[in-house]
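A closer look at the structure
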Amino acid sequence: MEILSLYPTLKETIWGGRTLIDEYGFKTDGDNAAEAWLLSCHKDGPSYVIGGEYDGKTLAQVIEAEGKQVLGTNNCDIRDFPVLIKIIDARDKLSVQVHPDDEYAWKYENENGKTEAWYVLECDEGASLIYGVNHDMKREEFASAIENGTLLEDVNTVEVRKGDVVFIPSGMLHAIGEGILLAEVQQSSNSTYRVFDYNRRDRNGNLRELHVKKAVDVVDLHECKVDFSPEGEAVKSGDAEKTYLTGCEYFSMTSVKLSGEYEDCADEKSFVSLLVLDGEGKITSETSETVLKKGSSIFIPASYGKYRVSGNLTILETRT
C-alpha cells in the first residue's frame, strides 16, 4: 500500500470561523468551517483519499480493502480506528463539556471514549480556555452549579499562547475559548457531554441540548494541575527539529520544524500521520512522491519503511 494524501470533512457550527477556508483553502458550502476532520474513519466525518488507486474512497474503505495490518501491531486488537485528528477554528467560545472513558462510552454510546490533546497553532492576545475545576467538588455540587448557572465560578480559566500543549484525559472538564486555532488529536469518538453553553441558541432559535446526567456520571471533580508546556525537549533529526509534545496509551504527538530534509520510518508497530501546519515541501520514498502544503494530511501505513520529507515545513506527527 502506498502513502495516502487525505481531504477532510468540514464542520460548520455556531462558533466557527473562516481560517480553514481562507488560509487552508478547504472548500465548503457553509458560512464557516469550525472543524476539519483531517484523519478520520468516524461515521460522522470521514476523510477521503486524494489521487492514486483509492482516489475518492474514504480512509475506512481503504483499511477495509487492505486489512487492519496497515494500522500496525499496536492496533491489532482494537475495536475501532484509534484516532481522529482535527484542526479547530474557534471564533467564539465552545461549550463547557466533558467526555466519557472507554468503559462508559462503549456501554452507553457504542464507541470509544475520548481522551484528547490540543496543540495551539494561533491565538488572539489574552485568549483563554477552561481546564478542570479549581477545587474539589462533590457530584451533587457540580449538578447544582450547572442548574444554578454558576459553574464558571468553579473552573480553571487559563490564558494560552501559541505552542501550548493541552492534554485532556477523559473526565476532564474543558472548553476552548474564542480566538483560538488548534490541532486536536483524540480517540476516534464523537461522544461529548455539554454542561454549559452560554445560553446560546442555534439558527432555529433553540437552546443547544445539555447532557447533565451523563456528565455528572463521568466528570473528574478533583482540583487539577495546569501545565501546558510540551513534555519533551527539541531534538535534531537531519535538518528537522523534533519536539515530543504529549502522549498516552492511545497516541503520541510530536512537532516537526523542518528547513531542509529528514528521513524517518513507519515500522510494524504503527501507521504515521503527518499533518502540515505550515509551509511547503514534499514526501518521497522509493516508489512515490507527494507534494506537501499547509493543511496536507498524510497517512503512511505501518511497515511502509523509510520515507524522506523535504522543504520548509511545520508538521504535527502522530503515531499510535
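Refer to the preceding data block for the structure.
Let us look at the structure shown here. (Residues numbered from 1 in each chain as written. Predicted model: local features only at pLDDT ≥ 70, side-chain atom pairs only at ≥ 80, totals over all residues. Heavy atoms only, no water.)

Observations regarding the environment of Asn-75
Note that Asn-75 resides in the loop between helix 2 (59-66) and strand 5 (83-90). Here the alpha-carbon distance between Asn-75 and Lys-269, two residues 194 residues apart in the chain, equals 7.9 Å. For Asn-75, the contacting residues outside a window of four places in its chain are Lys-68, Pro-82, Lys-269, Phe-271 and Thr-320. Within the structure, Asn-75 has its side chain in polar contact with the side chain of Thr-320 (distance 2.8 Å). (Helix = DSSP H or I, 4+ residues; strand = E, 2+ residues; numbered from the N terminus. Contact = heavy atoms within 4.5 Å. Polar contact = N/O pair within 3.5 Å; in protein donor to acceptor, adjacent residues only side chain to side chain.)

So, the side chain of Ser-188
Among the secondary structure elements, Ser-188 is positioned in the loop between strand 12 (180-187) and strand 13 (193-196). With residues up to four places along the chain from it excluded, the contact list for Ser-188 reads His-42, Asp-80, Phe-81, Pro-82, Val-83, Leu-84, Glu-111 and Asn-112.

Structural notes on the pattern of salt bridges
Across all of its chains, the model carries 22 salt bridges by this definition. Among the salt bridges present, the one from Asp-264 reaches Arg-319, with a minimum N-O distance of 3.4 Å. You can see Asp-264 sitting in strand 16 (residues 252-266) and its partner Arg-319 sitting in strand 20 (residues 305-319), a full 55 residues away along the chain. In this structure, Asp-264 and Arg-319 share a single accessibility class: buried. Across the salt bridge formed by Glu-317 and Arg-319, the nearest N and O atoms sit 3.0 Å from each other. Overall, Glu-317 belongs to the buried group, its relative accessible area being 7%. For Arg-319, a relative accessible area of 16% translates into the label buried. If you follow the salt bridges from partner to partner, you end up with Asp-92, Asp-197, Arg-200 and Arg-208 in one network. (Salt bridge = Lys/Arg side-chain N within 4 Å of Asp/Glu carboxyl O. Buried < 20%, exposed > 50% of the residue type's maximum accessible area, 1.4 Å probe, protein only.)

A closer look at the nonpolar core
With 38 residues, the main nonpolar core has Leu-39, Leu-59, Phe-81, Tyr-119, Phe-299 and Leu-316 as its most contacted residues. Broken down by secondary-structure element, the contributors of at least two residues to this core are strand 1 (4-7), helix 1 (19-22), strand 3 (35-39), helix 2, strand 5, strand 7 (116-123), strand 12 and strand 17 (272-284). Apart from the residues within four sequence positions on either side, Leu-39 is in contact with Leu-6, Ser-47, Leu-59, Phe-81, Val-83, Leu-84, Ile-85, Phe-271, Ser-273, Ser-297 and Phe-299. Counting 21 residues, the second-largest nonpolar core is a separate cluster that includes Ile-146, Val-195, Phe-196 and Leu-221. (Core = buried A, V, L, I, M, F, W, Y, C linked by side-chain atoms within 4.5 Å.)

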